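Descriptive structure summary
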Amino acid sequence: MTTSTDTGGARTAFAARSGGSRQLDGTGTLLRFALRRDRVMLPIWVAVTGLMVLSMPNSLKSLYGTAAERADLMTQMTTNSSLRALIGPVFDDSLGALTAWRVGVYAGALAAVMSLLVVIRHTRDEEESGRQELVASGMVGRRASLTSALLTAAVANAVLALLVAAGLAGQGAAGALAFGLGIAGVGMVFATMAAVVAQLTESARLARGLTAGVLGAAFVLRAAGDASENEGSSFLTWVSPLGWLENERSFADERWWVLLLFVGAALVQGAVAYELAGRRDVGMSFLPTRPGPASGRLRTAGALAWRLQRGSVLGWSIGFFLAGVVYGGLADGVADFVGDNEGAREIFERMGGSSALTNAFLASMIGMLGLIAALYIVSAVLRLHGEETSGRAEPVLAGAVGRLRWAAGHLAVAFGGSAWIMLLAGLGFAAGHGKDIGPILGACLVQVAGVWVIGGAAVLLYGVAPRAAIAAWGLAGAVLLIGWIGPALKAPQAVLNLSPFGHLPKLPGGGMEWAPVLSLLGVAVVLVAGGLVGVRRRDVTS
Amino acid sequence: MTKANPAIEVSGLHKSFGRTHALAGLDLNVEAGEVHGFLGPNGAGKSTTIRVLLGLLRADAGAARILGRAPWADAVEVHRRIAYVPGDVTLWRNLSGGEVIDLLGRLRGGSLDARRRAELIERFELDPTKKGRTYSKGNRQKVALVAAFASDVDLLILDEPTSGLDPLMEEVFQRCIREARDRGRTVLLSSHILSEVEELCDRVSIIRKGVTVESGSLADLRHLTRTSVTAELAGPPGGLARLPGVHDLDIQGHRVRLQVDTDKLDAVLRSLSESGVRSLTSTPPTLEELFLRHYQEDLADADADAREGAVAR
């Protein structure tokens, strides 16, 4: 009798220490709910990532048709550190191995971004918005939310792995399975990392930024490691989960044991996340929010807009400058290599322009940053939408602030900021490349015309059809897709011309053409003006 | 400002969102210098009216003047003289309460009186160094209230400003409203807390389904409703049932309980005194009863709709 009471007491004490019993109750319900909420976003991520991988064997076949050409490519790669840094080392000259080489790092990075977004969306976002309290007050165990978030990411990564394994099976079933599992492994490492970071910060935006920063560091470490060693054996490569994916050597005598690294890292990080989650209260975080000033110096709506967006501008500035330095530094080395391959040269020429290969490489990289800057401008313009729908715009507009003045603050940050980050990218390119600062800066600033057209379209959507404002992301995504994959798929010029970036002169190297640049700027002005007319005339939504 | 210039004049205001007719010919008159209660069930159109007055929404039809100007066309000029507290205050996550108070003050076109700001922060027991995301609902409202009361404006528009405040803070709020009135400010107070409205307001407007159904001073409105009377008489009561305006008559021996339309009270009292009154209690109508009458009409409508729906099925 006494004994049984004792164990009962011990069990209660244990339950109290570990956060109560039935900690996983409700996980299934929450998982179904999360999958329903993400029913559009997750399939798009999985499909785009999967298609990028699956389209690669054909695209490579058209470039390197014969075994001799592929063997040649492989020898070239082992001697060119610039391209190894950009893409990674080649381990075999089969189409499968070349596919894993060409898209591995990027597919892994896309899976990582998808996973970190999903996990933070269902953990810290929910807590920050207060929705978590509502959910947690139901029959929901203490660990159910985190578990269902991780399971949602696991489901998405598993589907992606299956898609890749099935789609590439023609190149070798074992390699396809290893590659699919490797991509999913990178995804789950960043899912569990996001779960840890979500315990640390109180803001979901910061949690996303920090995890994405770790992903960027993983990319840089792998690139540095691969630049120094030609078979992925550098210590730096082994530190990076993206390096594990390449060192798995899919389609080249797979090293299955590397998958254990993904499993181990995910388990350790998952355990840390659960441990941290069990030690804190709902809504609280380990990095405390510091108190702010008791009185403020913000005087105008414009100053408020800058204050709200300055962190994001800083992050993008650093990223664009560093990207410029890295790609600028690789330019000469890449041209050495591409010069030897007829097909690759054609690709670079189609993407970028003139026969001067260094310039073509710079032009294609600068063009890529221009496309990415379109994402920045959309996010900055849509801050207006976020401020309005959250109700935070209302007290500002109830002050002696005209709508145009209010909008102008955010638009100045969006349009000025996009020109600023392209300028910084140009300075980075020039610093990394070590010469041609004038032409490079010019090439970067020309991109701004294309970026502003996308920004203008976002302003128009927001001003005229605020419910559809989110569609601006689709627009930026479509432009990115056309600019990134279009040339590789040999899309006709008519399709490339749908994107404003398709009309820009190919710089550096090509001749400057003012007419298309000025027309694009004109289009941007008209779009912005149309959007602002809408902002002035319509109801403020709530 | 003189009494001749009403602070808010709204007549026949219409506003639709898609198929929802949020305002269907609403009237609202607020005199300068008065505290005006703005009452109505959820979804009656109170916030929509306020957002039209702030120039955030454009009315479909009808006339609206605020401080003598057009709310849509002259929004910025009007807003210099207005302080607004929304019902659901959302703050910027990474700005401190103090920063928001100062920002909102400056956006109204002038700096806040530092002494008054400090005094209000003290009275509302607000910690201005906390960041927006760490405030509770009540504290977020305090931020907006301090910014509003510290501003030197003519008109305060408050949309259910005390829904998150505790009773102590509610006291502070009521004192601030009285001080504002004493300094000649006009206040439009949308509220669900009827005791608060009875305590503070000179006049009230009750709206329902986008239309004004009652408007006037509390005394006027009381006149329109029934008074409950309970009396103990010396002899049996006679003739009460025949009197006009008598409802729910309940006679048990010498005890009488009834409700009477307030303007017919006189005849009832005369009839009671004929029988000899031993004790008498008469309860004036509360605002709650006034308000509930309109709620109940809504409930009755909803019941009818439900019944129709059931039949149709």
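Quick caveat, the model's predicted, so the values are computed rather than measured. (Residues numbered from 1 in each chain as written. Chains lettered and ligands numbered in written order. Predicted model: local features only at pLDDT ≥ 70, side-chain atom pairs only at ≥ 80, totals over all residues. Heavy atoms only, no water.)

1. With respect to the nonpolar core
Across soluble globular proteins, you tend to see nonpolar side chains buried next to one another. Note the following rule: Working definition of a nonpolar core: buried Ala, Val, Leu, Ile, Met, Phe, Trp, Tyr and Cys residues. They are joined through side-chain atoms within 4.5 Å. Remark: exposure states derive from per-residue accessible area (1.4 Å probe, protein chains only) relative to the maximum for the residue type, with buried under 20%, exposed over 50%, and partly exposed in between. Per the convention used, a helix needs a DSSP run of H or I reaching at least four residues, while a strand needs a run of E reaching at least two, with both numbered from the N terminus. Any pair of residues with heavy atoms lying within 4.5 Å of one another is described as a contacting pair.
Of all hydrophobic cores here, the largest spans 211 residues; its most connected members are A:Phe179 and B:Ile8. If one sorts the elements of this core by residue count, helix H18 (residues 357-389) of chain A sits on top with 16 residues. In contact with B:Ile8, not counting residues within four places along its chain, are B:Leu28, B:Asn29, B:Val30, B:Leu53, B:Arg65, B:Ile66, B:Leu155 and B:Leu188. B:Val229, B:Ala231, B:Val260 and B:Val268 belong to the second-largest nonpolar core, a separate cluster that totals eleven residues.

2. Some points on the interface of chain A and chain B
Going by this rule: Here the buried area means the combined drop in accessible surface, using a 1.4 Å probe, for two parts upon being joined, counting both sides. The salt bridge criterion pairs a side-chain nitrogen of Lys or Arg with a carboxyl oxygen of Asp or Glu, the two atoms within 4 Å. The term polar contact refers here to a pair of N or O atoms within 3.5 Å; inside protein, the definition further demands a hydrogen-donor-capable atom paired with an acceptor-capable atom, and it admits residues adjacent in sequence only when both atoms are side-chain atoms.
Listed by partner, the interface residues are 40 residues for chain A and 36 residues for chain B. Across the chain A to chain B interface the summed buried area is about 3,300 Å²; carbon plus sulfur atoms make up 54%. Inspection of the region where chain A meets chain B yields four salt bridges. Notably, a salt bridge pairs A:Glu394 with B:Arg51, separated by 2.9 Å at the nearest N-O pair. In this structure, the connection of chain A to chain B is made through 24 residue pairs in polar contact (both at pLDDT 80 or more).

3. Brief notes about the side chain of A:Glu248
All names here are of chain A. This is how it is decided: As used throughout, the charge tally considers Lys and Arg to be positive and Asp and Glu to be negative, leaving His and the chain termini uncounted.
Relative to the helices and strands, Glu-248 resides in the loop between helix H14 (241-247) and helix H15 (258-278). We note that Glu-248 is buried and unpaired, the nearest opposite charge coming from Arg-255 at a distance of 9.9 Å. For Glu-248, the residues in contact, after removing those within four places along its chain, are Ala-178, Phe-179, Gly-182, Glu-254, Arg-255, Val-258, Leu-259 and Phe-262.

4. Some words on the packing of H18(A) against helix H20 (residues 403-433) of chain A
Residues and elements named next belong to chain A. Definition in use: Lines are fitted to the C-alpha atoms to define the axes, a helix being fitted only along its stretch in contact, and any angle between axes, read from their N-to-C directions, falls within 0 to 180 degrees. Should an angle lie under 35 degrees it is considered roughly parallel, over 145 roughly antiparallel, and from 65 to 115 roughly perpendicular; all remaining angles are considered oblique. Should the near helix be turned counterclockwise from the far one by less than a right angle, the crossing is left-handed, whereas a clockwise turn marks it as right-handed. Classification convention: Asp, Glu, Lys, Arg as charged; Ala, Val, Leu, Ile, Met, Phe, Trp, Tyr, Cys, Pro as nonpolar; all other residues, Gly among them, as polar.
In the contact formed by H18 and H20, the axes pass within 9 Å of each other and the chain directions differ by 160°. The orientation of H18 relative to H20 falls into the category roughly antiparallel. Along this stretch, H18 crosses H20, giving a crossing that reads as right-handed. By residue class, the composition of the contact of H18 with H20 is 20 nonpolar, six polar and three charged.

5. Observations regarding the side chain of A:Arg307
Turning to its location among the elements, A:Arg307 is positioned in helix H16 (residues 301-338). Side chain to side chain, A:Arg307 and B:Glu99 meet in a polar contact 2.6 Å long. Leave out the neighbours within four places in its chain, and A:Arg307 touches A:Leu298, B:Asn94, B:Leu95 and B:Glu99.

6. A few points about a nonpolar patch on the surface
Residue and element names in this part refer to chain A. The criterion, for reference: Within this analysis, patches are made of residues with over 30% relative accessible area and no salt bridge. Like charges are joined at 9 Å or less; nonpolar side chains (Val, Leu, Ile, Met, Phe, Trp, Tyr) at 5 Å or less. Only the protein chains shown count as cover for residues, with accessible areas throughout obtained via the Shrake-Rupley method and a probe of 1.4 Å.
Where nonpolar side chains cluster on the molecular surface, the patch consists of Leu-314, Ile-318, Phe-321, Leu-322, Leu-427 and Ile-437 and spans about 540 Å² of accessible area. Element by element, the count of residues in the nonpolar patch is highest for H16, at four residues. Of note, Leu-427 is situated in helix H20. Judged by relative accessible area, which is 34%, Leu-427 ranks as partly exposed.

7. Looking at the sheet that holds strand S12 (residues 255-261) of chain B
Residues and elements named next belong to chain B. Let me state the cut-off plainly: At least two bridges found by DSSP between two strands is the condition for calling them paired.
As summarised here, the arrangement of the four strands in space is S11-S12-S10-S13, forming an open sheet in which the pairing is antiparallel. Each having just a single partner strand, strand S11 (246-252) and strand S13 (277-283) make up the two edges of the open sheet. Averaged over all pairs of adjacent strands, the angle between their axes in this sheet comes to 15°, without regard to strand direction. The pairing of S11 with S12 spans five bridges and is antiparallel. Bridged to Ile-251 within S12 is Val-256.

8. So, the pattern of salt bridges
All names here are of chain B. Here the structure, examined in full by the defined rule, presents 29 salt bridges over all chains. In this structure, Arg-123 engages Glu-119 in a salt bridge whose closest nitrogen and oxygen atoms are separated by 2.9 Å. With a gap of four residues between them, Arg-123 and Glu-119 both fall in helix H4 (residues 114-123), about one helical turn apart. The residue Arg-181 makes a salt bridge to Asp-202 at a minimum N-O spacing of 2.9 Å. You can see Arg-181 sitting in helix H6 (residues 167-182) and its partner Asp-202 sitting in the loop between helix H7 (194-200) and strand S8 (203-208), a full 21 residues away along the chain.

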